[in-house]
Amino acid sequence: MNDKFERLIERAEALIQRIESVLPQPLTAPADWNASIAWRYRRRSSGHGTLEPVRHVAQMSLDALKEIEVQKEKIERNTRQFVEGKPANNVLLTGARGTGKSSLVRACLHAFADQGLRLIEVDKADLTDLPDIVEVVSGRPEKFIVFSDDLSFDEGEPGYKALKSILDGSVAASTPNVLIYATSNRRHLLPEYMKENLTYTHTEDGEVHPGEVIEEKISLSERFGLWVSFYPFSQAEYLTIVGQWLSSFGLDAKAIEAARPEALVWALERGSRSGRVAYQFARDYAGRGQAA
């Protein structure tokens, strides 16, 4: 009888262990914070959230980023203040695609990594877990940028409310070693429709007041203390960036000058003169030259 009872207990314990293994677990700190300067938050299908080290962080220097000097100065200054323990703002980088928004964040990471700056990349679908992430890193000596790239929301997405709450100064986000940097092609992070303009009201003297729908859409982006806008490049700026990338691939000034007509055709075919298009052209052109 006792043997049967003991076997029943063992089976029950084994069952409990199996159930616990598939239940969502609290986010725990990585075993080795020195494994990388950048981390990626991932939520598994089981519901477990983990911080995974990025083994190969894309190299990018501030000097390599051309034609965005004003934007670069603002982001570098804010990041330096943060690393030095001075007051600094959460940052929203918005504007034309391919103009260096995410590259600038990566460049700042490399510039200040030796001073303790670290980056945690979080997809918008996982922003509801921001309080857990902040809680895990709050006691660390490093400074953490929580980075969400290409951020935008559709109506009713849960990450919108979560991010809004964090930026508004909830208790979970009050730690001084965490800032949020986000990039977006939308200034207000939400789709905007023509019909919403009808919600504006006017006073007798012509003063305009946005309606509740507009106010709600503006309210999230306003919670970022620093807005940095990026604009499409002119032809001259585009060619400067092409030259920078071709130089990094080992081409001399004569070869860079010879590549200009092809660079313009490449941009025309892509319908864009962005930094990303310039980089893609430079890789193709340099690669063709090496293959020859």
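Use the structure listed above.
Read on for a plain summary of the structure. (Residues numbered from 1 in each chain as written. Predicted model: local features only at pLDDT ≥ 70, side-chain atom pairs only at ≥ 80, totals over all residues. Heavy atoms only, no water.)

1. A few points about the packing of helix α2 (residues 69-83) against helix α3 (residues 101-112)
The following threshold applies: A fitted line through C-alpha atoms serves as each axis, taken over the contacting stretch for helices, and the angle formed by two N-to-C directions is quoted from 0 to 180°. For the purposes of this entry, the term helix denotes a DSSP run of H or I that reaches at least four residues, the term strand denotes a run of E that reaches at least two, and both are numbered from the N terminus. By definition in this entry, angles of less than 35 degrees are roughly parallel, angles greater than 145 are roughly antiparallel, angles of 65 to 115 are roughly perpendicular, and the rest are oblique. Crossing handedness follows the turn of the near helix against the far one: under a right angle anticlockwise gives a left-handed crossing, and clockwise gives a right-handed one. In what follows, a contact means two residues having at least one pair of non-hydrogen atoms within 4.5 Å. Residues are sorted three ways: Asp, Glu, Lys and Arg are charged, Ala, Val, Leu, Ile, Met, Phe, Trp, Tyr, Cys and Pro are nonpolar, and all the rest, Gly among them, are polar.
Orientation of α2 relative to α3, taken along the N-to-C sense of each, is 40°, at an axis distance of 10 Å. On the basis of their axis angle, the class for α2 and α3 is oblique. Of the two elements, α2 crosses α3, and the hand of that crossing is right-handed. Judged by residue contacts, Q71, K72, I75, E76, T79, R80 and V83 of α2 engage L104, C108 and F112 from α3. By residue class, the composition of the contact of α2 with α3 is 5 nonpolar, 2 polar and 3 charged.

2. Some points on the sheet that holds strand β1 (residues 38-43)
Definition in use: Paired strands are those between which DSSP finds at least two bridges.
Strand order in the open sheet made by the 7 strands is β2-β1-β4-β5-β6-β3-β9, with mixed pairing throughout. If you trace the sheet from one side to the other, it starts and ends with β2 (49-53) and β9 (226-230), each paired once. Pairs of neighbouring strands in the sheet enclose a mean axial angle of 25°, with direction left out of account. As paired strands, β1 and strand β4 (residues 117-121) are joined by 3 bridges and run parallel to one another. When the bridges of β4 are listed, A38 appears paired with L119. Against the sheet, α3 touches β1, β3 (91-95), β4, β5 (143-148), β6 (178-184) and β9, its axis set at about 145° to β4. This element, helix α4 (residues 130-137), spans β1, β2, β4, β5 and β6 of the sheet and lies at about 140° to β6.

3. Quick word on the pairing of β1
Alignment of β1 against β2, held across 5 bridges, turns out to be antiparallel. Within the sheet, the bridge partner assigned to R42 lies in β2 and is T50.

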